[in-house]
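Geometric and topological summary
The residues making up each chain are set out below.
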Amino acid sequence: MGPALASADVSGGATLRGWRDRLRVPVIAAPLFLISTPKLVIAQCMAGVIGTLPALNARPSAQFGEWLAEIVETLTGWNRRNPDKPAAPFGVNLVVHRSNPRLDDDLARCAQYRVPLVISSMGARGDVNTAVQAYGGVTLHDITNQAHARKAIERGATGLIAVAAGAGGHAGAVSPFALMQELRTWFDGPLVLAGSIASGRAIAAAGMLGADFAYVGSAFIATDEARCGVAQKNAVVASGADDIVYTPAFSGTPANYLRSSIVAAGLDPDDLPTTRRATDVAAQASAAKAWTDIWGCGQGIGTTHAIEPAAAVIDRLAREYDEVSP
């Protein structure tokens, strides 16, 4: 079966909001840098949420096409065997900054396999939105403030991911209440909320704030399918919101990291450099690498109590959501 036909089987419809009927709970599983692979995405989609992964996780770049083929073929087969319980659509995160030399090739692969959802980050690109929408895909753009949100919509994004305070990795610093309230004064399109969402109640609360979907990332780090070591998974299980450090020290942009991983790298999480130049010195001295040794993580991990399958996490989220939703 060709990639276009196979992908159409799992695309879930022409609009993002139309996909909600395919989901057990209105969740998009966030693309976890270095961690999300086809194994995790497939498990998430089969269990009833939109699974995503960063294109840059596939290394070398040729592996990205192989990953897309695996996802499409597996989910298409699942849908044929389970017509009454089809898999959720899947998505890919593209870093669209012009410093990414892979962007054109990765975008071409998304078009080849008709990836239903493309999440763009690090710059709003009209040409990327046009290319994805031309084959019937939808685009969401990561934003942390109103200025970036307006620019993304002006450049043709289908919808927005509002990355509020408490989200894992490169998070915003604005309260989800403030961010969502202002966005909904001028934007009535598809909107996803990110930031410490790791329970069914939190997913329902995101909907009350005006979000069409909740963005859940860190809750999937300590899963069987996640591509990271058991030490990282155990650190998530053992940690809570107080164990998250928000700092620009490791990438030059403020992000949330696990305190224990900073300590393990030989650094003092309460006395980190605040400039990129000072960061470079600290990183060289500790031989620690952001994301590989210094682990990104959001504040919502206090609900994670064990390493378990992704499907078990989704079962819990769906059960909790159903308990509080009308």
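Before reading further, recall that the structure is shown in the block above.
Throughout what follows, the structure given in this document is the object of discussion.

Cut-offs and rules
Residues numbered from 1 in each chain as written. Predicted model: local features only at pLDDT ≥ 70, side-chain atom pairs only at ≥ 80, totals over all residues. Heavy atoms only, no water. Axes fitted to C-alpha atoms, helices over the stretch in contact; angles between N-to-C directions. Helix = DSSP H or I, 4+ residues; strand = E, 2+ residues; numbered from the N terminus. Parallel < 35°, antiparallel > 145°, perpendicular 65-115°, else oblique. Left-handed = near helix turned anticlockwise from the far one by under 90°. Contact = heavy atoms within 4.5 Å. Phe/Tyr/Trp six-rings, centres within 6.5 Å; stacked < 30°, edge-to-face > 60°. Lys NZ or Arg CZ within 6 Å of the ring centre and 35° of its normal. Core = buried A, V, L, I, M, F, W, Y, C linked by side-chain atoms within 4.5 Å. Buried < 20%, exposed > 50% of the residue type's maximum accessible area, 1.4 Å probe, protein only. Pairing = 2+ DSSP bridges. Right-handed = clockwise from strand over helix to strand, strands pointing away. Polar contact = N/O pair within 3.5 Å; in protein donor to acceptor, adjacent residues only side chain to side chain.

**Let's talk about the packing of helix H3 (residues 62-81) against helix H4 (residues 103-112)**
Two quantities define a packed helix pair, namely the angle between the axes and the distance from one axis to the other. Relative to each other, H3 and H4 sit at 20°, their axes nearing to 10 Å. Classified by the angle between their axes, H3 and H4 sit roughly parallel to one another. Crossing of H3 over H4 shows right-handed handedness. From H3, Phe64, Gly65 and Leu68 reach across to H4, where they touch Asp106, Arg109 and Cys110.

**A few points about the packing of aromatic side chains**
Counted under the stated rule, the structure contains three aromatic pairs. One aromatic cluster is present, formed by Phe250, Tyr257 and Trp291 through successive ring pairs. Across the ring face of Phe213, the terminal group of Arg20 is positioned such that the distance to the ring centre comes to 6.0 Å. A cation over a ring is seen here: Arg150 above Trp186, with NZ or CZ 4.3 Å from the ring centre.

**Topic: the nonpolar core**
Soluble globular proteins tend to pack their nonpolar side chains together in the buried interior. The biggest cluster of nonpolar side chains holds 50 residues, and the ones touching the most others in it are Ile143, Leu160, Leu183, Leu193, Ile203, Phe220 and Leu258. Top contributing element to this core by residue count: helix H12 (residues 310-324), with six residues. Excluding residues within four positions of it along the chain, Ile143 makes contact with His148, Ala149, Ala152, Leu160, Ile161, Ala162, Val163, Leu179 and Leu183. In this structure, Val41, Ala69, Val96 and Leu103 belong to the second largest nonpolar core, which totals 47 residues.

**Side note on the pairing of strand E6 (residues 159-163)**
Across the five residues that make up E6, a large majority, five, are buried. Burial along E6 is two-sided: Gly159, Ile161 and Val163 facing one way and Leu160 and Ala162 facing the other are all buried. Relative to E6, strand E5 (residues 138-143) runs parallel, the two sharing four bridges. Considered in E6, the bridge of Ile143 is made with Ala162. In terms of handedness, the path from E5 via helix H6 (residues 146-154) over to E6 forms a crossover that is right-handed. Sheet analysis places E6 next to strand E7 (residues 191-194), joined by four bridges and oriented parallel. Counted as the bridge partner of Ala162 is Leu193 from E7.

**Thoughts on unusual backbone geometry**
At the junction of Arg59 and Pro60, the peptide bond is cis and its omega measures out at 5° in the coordinates. With respect to the helices, strands and loops of the structure, Pro60 is situated in the loop between strand E2 (51-54) and H3. Positive phi, close to 60°, is recorded for Met122, a residue that is not glycine. Structurally, Met122 can be placed in the loop between strand E4 (117-121) and helix H5 (126-134). Overall, Met122 belongs to the exposed group, its relative accessible area being 52%.

**Considerations on the pairing of E5**
In terms of burial, E5 is largely enclosed, as five of its six residues are buried. Tracing the backbone out of E4, into H5 and back to the parallel element E5 gives a crossover that is right-handed.

**Description of the side chain of Ser251**
Examined against the element boundaries, Ser251 turns out to sit in the loop between strand E9 (244-247) and strand E10 (255-258). Engagement of the side chain of Ser251 in a polar contact is seen with the side chain of His170, the distance being 2.8 Å. Polar side-chain contacts of Ser251 include one of 3.2 Å to the backbone oxygen of Thr253.

**Looking at the sheet that holds E5**
Within a sheet, each strand pairs with its neighbour through backbone hydrogen bonds, oriented either parallel or antiparallel. With respect to topology, eight strands assemble into an open sheet ordered E1-E8-E7-E6-E5-E4-E3-E2, the strand pairing being parallel. What marks the edges here is a single partner per strand, and that holds for strand E1 (27-29) and E2. On average, each strand axis in the sheet is tilted by 25° relative to the strand beside it, whichever way the strands run.

**Comments concerning the packing of helix H8 (residues 200-208) against H12**
At a minimum axis separation of 7 Å, H8 and H12 run at an interaxial angle of 55°. Here H12 runs oblique to H8, going by the angle between their axes. For the crossing formed where H8 meets H12, the hand is right-handed. Within the contact between the two elements, H8 uses Gly200, Arg201, Ile203 and Ala204 and H12 uses Leu317, Glu320, Tyr321 and Val324.

**Some words on the environment of Val236**
Inspection of the secondary structure assignment puts Val236 in helix H9 (residues 230-237). By relative accessible area, which is 0% here, Val236 ends up buried. For the pair Val236 and Ala219, spaced 17 residues apart in sequence, the C-alpha to C-alpha distance is 8.7 Å. If near-sequence neighbours (up to four positions away) are discounted, Val236 is found in contact with Ser218, Ile221, Ala222, Leu258, Cys297, Ile301 and Thr304.

Geometric descriptors of this kind do not, in isolation, establish any biological role.
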